[in-house]
Amino acid sequence: MGGPEVERLIALLSRLPGLGPRSARRAALRLLQAPEARMLPLASALEEAARAVRPCGQCGNLDSRDPCAICADPRRDRSLICVVEGVAELWALERAGVHRGRYHVLGGTLSALDGVGPDDLNLAPLLARIAEGEVHEVILALGATVEGASTAHWLAERLAPSGVRLTRLAQGVPIGGALDVLDEGTLATALRARRPVG
Ligand SMILES: [Zn+2]
């Protein structure tokens, strides 16, 4: 129904997180019923974002500026870095509005099952930032999954020689909970009540 253009649109939309085939059909229909008002603005927003947005060279956040708005913000505490698994977790912590330092996106967690080893994670830029001497505390905000915990343990061992203060989120992050699905209040509490590693 609707021809190959519509089929392709539905197929592409159904690959987005949270959209199965049924939601993708509904979204496609909403767009197709208002091409000028809904569809073309979306198409140009997608194209502009695809051209402009890149990972920040310092922290790995996604932004159209490099360094990103967070890294470039002079009001941010440069002595404090919060390490997160991905950009989703960074954005979740920003929504919680409680972290006044900067971030480092690790780009995943160690997982033997998924074949993710230490060399696959974005560690070198973090070590370089710490070596510059400005960083006094690194918060390991890696979520309470098995992979998150083992990654935090590995990272703590790698960062220990630097002498930087290492902390982790307080309890209150549910076991197996990924950070980006937590509500802002829970995240804010977990960050404020962070505790030393080890
Ligand atoms: Zn950045």
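Now for a look at the structure at hand. (Residues numbered from 1 in each chain as written. Predicted model: local features only at pLDDT ≥ 70, side-chain atom pairs only at ≥ 80, totals over all residues. Heavy atoms only, no water.)

Some words on the coordination of the zinc ion
Here's step 1: Surrounding the zinc ion are the protein donor atoms Cys-56 (SG), Cys-59 (SG), Cys-68 (SG) and Cys-71 (SG), at 2.3 to 2.4 Å.
Here's step 2: The coordination sphere of the zinc ion comprises four donor atoms, whose angles at the metal cover 104 to 115°; the geometry is tetrahedral.
Here's step 3: In terms of primary sequence, the donors binding the zinc ion are separated according to C-x2-C-x8-C-x2-C.
Here's step 4: Looking at Cys-68, the relative accessible area reads 0%, which means it is buried. (Donors = N, O, S within 2.8 Å, 3.2 Å for Na, K, Ca; no water. Tetrahedral: all angles 85-135°; square planar, octahedral: opposite > 155°, others 65-115°. Buried < 20%, exposed > 50% of the residue type's maximum accessible area, 1.4 Å probe, protein only.)

Concerning the packing of helix H5 (residues 87-96) against helix H8 (residues 184-192)
Here's step 1: At their nearest, the axes of H5 and H8 sit 8 Å apart, and the two run at 90° to each other. In terms of orientation, H5 and H8 fall into the roughly perpendicular class. Residues Ala-92, Leu-93, Arg-95 and Ala-96 of H5 touch H8, and the partners they reach there are Glu-184, Leu-187 and Ala-188.
Here's step 2: By residue class, the composition of the contact of H5 with H8 is five nonpolar, no polar and two charged. (Axes fitted to C-alpha atoms, helices over the stretch in contact; angles between N-to-C directions. Helix = DSSP H or I, 4+ residues; strand = E, 2+ residues; numbered from the N terminus. Parallel < 35°, antiparallel > 145°, perpendicular 65-115°, else oblique. Contact = heavy atoms within 4.5 Å. Nonpolar A, V, L, I, M, F, W, Y, C, P; charged D, E, K, R; others polar.)

Structural notes on unusual backbone geometry
Generally, phi is negative for residues other than glycine and the peptide bonds are trans, each holding for most cases.
Here's step 1: Residues Asp-66 and Pro-67 are joined by a peptide bond in cis, for which omega reads 0°.
Here's step 2: Looking at the element boundaries, Pro-67 is found in the loop between strand E2 (62-63) and helix H4 (69-72).

Let's talk about the pattern of salt bridges
Here's step 1: On inspection of all chains with the given rule, the structure shows eight salt bridges.
Here's step 2: Arg-51 is paired through a salt bridge with Glu-47; the nearest N and O atoms lie 2.5 Å apart. Within this pair, Arg-51 and its partner Glu-47 are both found in helix H3 (residues 35-52), separated by four residues, close to a single helical turn.
Here's step 3: Of the residues examined, Arg-51 reaches a relative accessible area of 59% and is grouped as exposed.
Here's step 4: Where salt bridges share partners, they join Glu-137, Arg-165 and Arg-194 into one cluster. (Salt bridge = Lys/Arg side-chain N within 4 Å of Asp/Glu carboxyl O.)

Remarks on the sheet that holds strand E6 (residues 165-168)
Here's step 1: Reading across from one edge, E4-E3-E5-E6-E7 is the order of the five strands in this open sheet, with mixed pairing throughout. For this open sheet the edge positions go to strand E4 (101-105) and strand E7 (195-196), each flanked by a neighbour on one side alone.
Here's step 2: Here five bridges tie strand E3 (residues 77-84) to E4, and the two strands are oriented parallel to one another. Following the sheet pairing, Val-83 is matched in E4 by His-104.
Here's step 3: Along the sheet, H5 contacts E3, E4 and strand E5 (137-141); its crossing angle with E4, the most-contacted strand, is approximately 160°. (Pairing = 2+ DSSP bridges.)

Some details on the environment of Arg-102
Here's step 1: Position of Arg-102 relative to the elements: it lies in strand E4.
Here's step 2: The exposure class of Arg-102 is buried, given its relative accessible area of 4%.
Here's step 3: In sequence terms Arg-102 and Ala-28 are 74 residues apart; their C-alpha atoms lie 38 Å from each other.
Here's step 4: Those residues within four positions of Arg-102 in sequence are excluded, and the remaining contacts are Gln-58, Ile-70, Cys-71, Arg-76, Asp-77, Arg-78, Leu-80, Ile-81, Cys-82, Arg-129 and Glu-134.

Quick look at the packing of helix H1 (residues 3-13) against helix H2 (residues 21-32)
Packed helices, taken two at a time, are described by the angle their axes make and the gap between the axes.
Here's step 1: For the pair H1 and H2, the least separation of the axes is 8 Å and the interaxial angle reads 125°. Regarding the angle of H1 to H2, the classification is oblique. Here H1 runs over H2; the crossing is right-handed. Together, Val-6, Leu-9, Ile-10 and Leu-13 of H1 and Pro-21, Ala-24, Arg-25, Ala-27, Ala-28, Leu-31 and Leu-32 of H2 make up the contact between the two elements.
Here's step 2: Among the residues making up the contact of H1 with H2, the classes are represented as ten nonpolar, no polar and one charged. (Left-handed = near helix turned anticlockwise from the far one by under 90°.)

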